[in-house]
Amino acid sequence: MAGAPRGELLSFGAFQAACPAGYDYGYSGGLRSLREREFPQLRGITYLDHAGSTLFPESLLKAFTDDLRNNIYGNPHSQNISSKLTYDTIEHVRYRILQHFHTSADDYTIIFTSGCTAALKLVAEAFPWIPEGTKQPSSRFCYLTDSHTSVVGMRGITASMNVLSVPIKPKEILLSEKNRLPAEEQNCTTPHLFSYPAQSNFSGTKYPLSWIQDIKSGKLCPIKIPGKWFILLDAASYVSSSPLDLGVHQADFIPISFYKIFGFPTGLGALLVNNRIAPLLKKTYFGGGTAAAYLAGEDFYYPRKSIAERFEDGTVSFLDIIALKHGFDVLEKLTGGMEKIKQHTFALAHYTYTVLSTLKYANGAPVVRIYSDTDFSNPDVQGPIINFNVLDENGEVVGFSQVDKMANLYNIHFRTGCFCNTGACQMHLGLSNEDIQRNLQAGHVCGDDIDLVDGRPTGSVRISFGYMSSFEDAQTFLKFIITTRLSKSDTEIPFQSSVTKLVTESVSDDHPSFDSGDKLSPIPHIMDRELRNNLSVTKTTGSWQPPEAEAESIRAAVSETVVPTYRKDGRPITVTNIYLYPIKSCSAFEVTEWPVGNQGLLYDRNWMVVNQNGVCVTQKQEPSLCLVNPSIDLKKKVMVIQAEGMDPISVPLEEDTGKEAVICESKVCSHRVKTYDCGERTADWFSLFLGRPCRLIRQSSDIKDRSHQKNTKGLASATNISLSLVNEAQYLLINATSIMQLKEHVSARLEEPLEIEELIRRFRANLVISAPESFEEEEWAEISIGALRFQVVGPCSRCQIICIDQQSGERNKEFLQSLSAARGKKTNFGIYLMNQPLHSSFPDILLVGSQVLPVLKENTEIQPPTSSEEKCSG
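Rules used throughout
Residues numbered from 1 in each chain as written. Predicted model: local features only at pLDDT ≥ 70, side-chain atom pairs only at ≥ 80, totals over all residues. Heavy atoms only, no water. Helix = DSSP H or I, 4+ residues; strand = E, 2+ residues; numbered from the N terminus. Contact = heavy atoms within 4.5 Å. Areas by Shrake-Rupley, 256 points an atom, 1.4 Å probe, with all protein chains shown as cover. 1 Å grid on protein atoms, 1.4 Å probe; cavity = no way out; pocket = protein on both sides within 12 Å on 5 of 7 lines; lining within 4 Å. Points joined across faces, edges and corners; volume = space filled by probe spheres on them. Nonpolar A, V, L, I, M, F, W, Y, C, P; charged D, E, K, R; others polar. Core = buried A, V, L, I, M, F, W, Y, C linked by side-chain atoms within 4.5 Å. Buried < 20%, exposed > 50% of the residue type's maximum accessible area, 1.4 Å probe, protein only. Pairing = 2+ DSSP bridges. Salt bridge = Lys/Arg side-chain N within 4 Å of Asp/Glu carboxyl O. Phe/Tyr/Trp six-rings, centres within 6.5 Å; stacked < 30°, edge-to-face > 60°. Lys NZ or Arg CZ within 6 Å of the ring centre and 35° of its normal. Disulfide = S-S within 2.5 Å. Axes fitted to C-alpha atoms, helices over the stretch in contact; angles between N-to-C directions. Parallel < 35°, antiparallel > 145°, perpendicular 65-115°, else oblique. Left-handed = near helix turned anticlockwise from the far one by under 90°.

Chemist: I'd like to hear about the overall build of the protein, residue by residue, with values.
Modeler: Looking only at helices and strands, the protein features 26 helices and 38 strands. Intrachain contacts of the protein at a sequence separation of at least 6 include 74% that bridge at least 24 residues. As displayed, the protein has an accessible area near 37,400 Å², and 50% of this comes from carbon and sulfur atoms.

Shown next as structure tokens:
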């Protein structure tokens, strides 16, 4: 396969050739119809995060809901008929689970929990530890470093019990035969616990199930210490796609999460406890249903005899437990069992791994770096997980968040980061303990999108296959990698920091002022051939500049505690366009001048559209939002909303503070905001336009300052800056000169001309400026415009919304791909600003034509201008 052309590599014939002998693709050819019938939600989507959660089939939900319609299930702790039905059904499900794992109630007990994590916590709390400082030898908790966070977190509980924890690297276990104890020390009964995953959730490596018996028998010993070893087998990842026979591999504790197997229900797991150790487990807290008898006035408690009932505090999630029966039945019916799932998912992973391994740039450099301990040749040692990082042609890692953004354009869903497995991440990525700590100091935390620190990866990309995954899923993913990395890799030329001239068309004085309710046409028009450096604005209010003395005072106020560093280039920088977006993710409203509020441009992103669950809807989900045109009429105090084919609708600017206005909490990114609903009329308007139930809500001004704030350093006497419904900052600024350079790059890739105004609108900025040099804005620390002072709080990392034509709603993947290629793997474009008004005699109004006075970052070696002319224009 290594020498085959790309087209042949991606063919079904190549896949079949790579499959193990005897493998029958797609459950005897029924996969296509299975997907169409059971998983209609997958149409147009390539879902490759089954290690995170698999998907549920329609027949599971139907069987479950039919069951609920036809039966009454009461609280199992009651004694009535419906409660007895619930109790008996739960007991039947316990037997069904044991049957699935090839064991019985004679050997194992099922304790239902909220998930695998809760099961692990239960083991840590209930295990019969012997602490340090007693006359007996003390216990040890050992765990494989390639373990989930929830396993490593058990050491917090053991530490509180004065029990030592010992991390064990995978290679050390293989050498642990050296730790075997002499015969005279093998009679010690001190209990120790060793935990390891049956399958790494990071790489898919399957660790030997034979370790269970080898460690229990003393053939292998995690550490050299007298005592009796018990085994905790973390099977959450393993059992999602592989059969587990507990009749053969009798671990003492097996925690699982059922959504990993069925996709539904979530929030339900179990701990399978070997009956040999079950009586030794200790418990302090007792909840409802766990007591045979107790006294409220005295310290008397007698537990129930059943281990399951003793440890299942309170009422179990009995309806979800009943759903499990249907989960097992449907899974067996659709696939024929776990062994067939194992073969199917491995065949897809093996093929994908093989093709990925062959992809190389023209210079011979590999396209990806795969993190694996196996060669994907045996499903007994490798699960259906592939972990990797994308590389550029120089061998440098492309950050995982950039890869994720590109994948979103293709509707490919996978997971990125460290996958709650720091130990494996360190091992495969070569990150030391000091590296992890330095990354934290650099601002990186688990689950964020900071993918590179000092050029080194903080995580990786993981794809994983499930029982309904298809060859087309693997093919689509591989085409995505080839298209984004190889198709034009030889022709990519990164942006140079060269000067691009800026030319603007002069603005006639017949344009309406900012208080007009009509939507304005772009002002000024930015010509496509070239851009002038000086913006000519004939309208008096649009060309206001501070007098020289005021400009000097502004410069002084911009940086009160440090000596500011100014641009060396004396050519002026001006504001060319001002946009606000009254409704988040809807069309821009362009103005020539506009008041500034305490959250940014007045009424900018004060409203947003939410779905029936109250979750914000953006262009990522509904590109047609860009066709909704809101405009603000300050004189009439209304916002007018228009869209083609719809009657205009108006919303008052004055807030509804009456009793009927119900204040509720919403979320924008990670920020909590207080909002209120704008009523049925607007809800009906948006629901009709978008073709699905949704509502328009508005941020509540009376408490929004406390609920949506941003900590910002450097602004004098301002510890918290108030935000509207924006994602990151009050303002977003872009440089038209930078746009010009991007335009040349994208046009070359598209092989068709582009209008500058179309590109500007794609980037959805508040302020467009004309700076002499492209991307010089990225060197600024602060700026002032008129009487307003702004702090630069960071670059804007772009997402798929720039791929949406803001005039038509059509998507084109090329824009984000071009930006990433042009900017050297990153998708930064534009800078975020925060504003603190200065004490000035001038009104807080932003105007097109105003001069921009930047202060450079301290580490930029450019001296301040010397002449008065340079100071005035700088």
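And the narrative resumes.
Chemist: I'd like a description of empty space enclosed by the protein, backed by residues and values.
Modeler: Using a probe with the size of a water molecule, rolled over the atoms, empty space left in the structure can be pinpointed. Throughout the structure, instances matching the rule amount to four cavities of 30 Å³ or more. What the largest cavity holds in volume is close to 90 Å³. The wall of the largest cavity is formed by 14 residues, among which H50, S240, S241, F465 and G466 lie closest to the centre. Here the lining of the largest cavity is composed, by residue class, of six nonpolar, seven polar and one charged. In this structure, the second largest cavity spans a volume of roughly 70 Å³. What lines the second largest cavity is Y579, Y581, S587, A588, I760, R761, R764, Q806 and Q807.

Chemist: Could you give an account of the nonpolar core, with specific residues and numbers?
Modeler: In terms of nonpolar packing, the biggest core is built from 138 residues, with F112 and F258 touching the most fellow members. The element that contributes the greatest number of residues to this core is helix α15 (residues 338-358), accounting for nine residues. Setting aside its immediate chain neighbours within four residues, F112 contacts I90, V93, R94, I97, F258, L268, G269, A270, E312, I321 and L324. If you look at the next biggest cluster of nonpolar residues, it comprises 49 residues, including I578, C586, V651 and L653.

Chemist: Describe the pairing of strand β35 (residues 788-797), and please don't skip the residues or the numbers.
Modeler: Taking burial as the measure, the 10 residues of β35 include seven buried ones, the bulk of the element. Bridging between strand β34 (residues 780-785) and β35 involves four bridges; their strand directions are antiparallel. From the neighbouring strand, I783 faces β35, where its bridge partner is F790. A loop of two residues connects β34 with β35, the two strands running antiparallel in sequence, and G786 in this loop sits at a positive phi of about 60 degrees.

Chemist: Run through the environment of L98, naming residues and quoting values.
Modeler: Following the sequence through the fold, L98 ends up in helix α6 (residues 81-100). Assessed through its relative accessible area of 3%, L98 is described here as buried. C-alpha separation for the pair L98 and I110, spaced 12 residues apart in sequence, amounts to 7.9 Å. Ignoring sequence-local partners within four residues, the contact set of L98 consists of T103, S104, A105, Y108 and I110.

Chemist: Help me get a handle on the pattern of salt bridges, residues and values and all.
Modeler: Going through the model one piece at a time under the given rule, you end up with 27 salt bridges. For R32, the salt bridge is made with E472, and the minimal N-O distance between the two is 3.5 Å. Placement of the pair is R32 in helix α4 (residues 31-38) and E472 in helix α19 (residues 471-485), with a sequence separation of 440 residues. With a relative accessible area of 32%, E472 lands in the partly exposed category. The salt bridge involving E312 is made with R94; its shortest N-O contact spans 2.9 Å.

Chemist: So, unusual backbone geometry: which residues are in play, and what are the values?
Modeler: With an omega dihedral of 0 degrees, the bond running from F264 to P265 counts as a cis peptide bond. Relative to the elements of secondary structure, P265 occurs in the loop between α12 (259-262) and β8 (269-274). With a phi angle near 55 degrees, Y27 is a residue other than glycine that sits in the positive phi range. Tracing the chain through its elements places Y27 in helix α3 (residues 25-29). On the accessibility criterion, Y27 (13% relative accessible area) is buried. Non-glycine residue D454 carries a positive phi angle of around 55 degrees. Among the residues examined, D454 registers a relative accessible area of 77% and is labelled exposed.

Chemist: Any details on the packing of aromatic side chains? Residues and values, ideally.
Modeler: Summed over the entire model, instances satisfying the criterion amount to 34 aromatic pairs. In textbook terms, an aromatic cluster arises when at least three aromatic residues are bridged by ring pairs, as seen for F127, W129, F141, Y143, F230 and F253. In this structure, K283 packs its charged tip against the face of F311, placed 5.9 Å from the ring centre. If you follow R823 out to its NZ or CZ, it ends over the ring of F775, 3.9 Å from the centre.

Chemist: Which residues make up the state of the cysteines, and what values go with them?
Modeler: Taken as a whole and assessed by the stated rule, the structure comprises one disulfide. Between C418 and C425 runs a disulfide, and the two sulfur atoms are separated by 2.0 Å. Taking the sign of the S-S torsion, about -55 degrees here, the bridge from C418 to C425 comes out left-handed. An identical accessibility class is assigned to C418 and C425; each is buried.

Chemist: Lay out the packing of α15 against α19 in plain terms, naming residues and giving numbers.
Modeler: Any two packed helices are characterised by how steeply their axes cross, that is the angle between the axes, and by the distance between the axes. Viewed as axis vectors pointing N to C, α15 and α19 meet at an angle of 20 degrees, and their least axial separation amounts to 10 Å. Classed by the angle they form, the pair α15 and α19 counts as roughly parallel. Both α15 and α19 take part in a crossing whose hand is right-handed. Where α15 abuts α19, its residues L348, Y351, T352, V355 and L356 lie against F471, A474, F477, L478 and I481. The class makeup of the residues in the contact of α15 with α19 is nine nonpolar, one polar and no charged.

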